[in-house]
Amino acid sequence: LGVTDSSFKGEHGTIFGQTMSFQEMLPMLDIGDIILFQNRSLTASVQRVVTRSEYDHVAFVMRAPINSKRVTSLVLLEASAHGIKINPLESQVTNALEMDAKAAIKRIFW
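Description of the structure in this document. (Residues numbered from 1 in each chain as written. Predicted model: local features only at pLDDT ≥ 70, side-chain atom pairs only at ≥ 80, totals over all residues. Heavy atoms only, no water.)

Our next topic: the pairing of strand S4 (residues 34-38). The element S4 is largely enclosed, with a buried count of 5 among its 5 residues. A two-sided burial pattern is seen for S4, the buried positions comprising Ile34, Leu36 and Gln38 on one face and Ile35 and Phe37 on the other. The sheet contact formed by S4 and strand S5 (residues 57-63) spans 4 bridges and is antiparallel. Note on S5: the bridge partner recorded for Ile35 is Ala59. As paired elements, S4 and strand S8 (residues 102-109) share 5 bridges and run antiparallel to each other. Opposite Ile34, over in S8, you have Lys106 as the bridge partner. (Buried < 20%, exposed > 50% of the residue type's maximum accessible area, 1.4 Å probe, protein only. Helix = DSSP H or I, 4+ residues; strand = E, 2+ residues; numbered from the N terminus. Pairing = 2+ DSSP bridges.)

Turning next to the side chain of Arg107. Here Arg107 shows up in strand S8. Exposure remark for Arg107: the relative accessible area of 15% places this residue in the buried category. Among the polar contacts listed, one links the side chain of Arg107 to the side chain of Asp33, at a separation of 2.5 Å. (Polar contact = N/O pair within 3.5 Å; in protein donor to acceptor, adjacent residues only side chain to side chain.)

Spelled out as structure tokens, the structure:
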């Protein structure tokens, strides 16, 4: 079991040692990838201080339906104050980046 760590910020960033836009990175994401978010809100900042963590939100990449090979079928499984939800990957990450959030990708190899 191994982990690759990459991060991207704003429109461009780094994944697996390469700088690229989110649109270029999207096809490289796969089931099981973990996206860590560092949001810029006051609540998120307090949460990071209390938990002594660099990130304040985590989401898991999945496919819906599971047997689809389309990039647009990627979704995020994430928990919020309103419960556990499945949201479209592209729109969730785009929203976070528009709010100047930082994100990192953790890839687990099995």
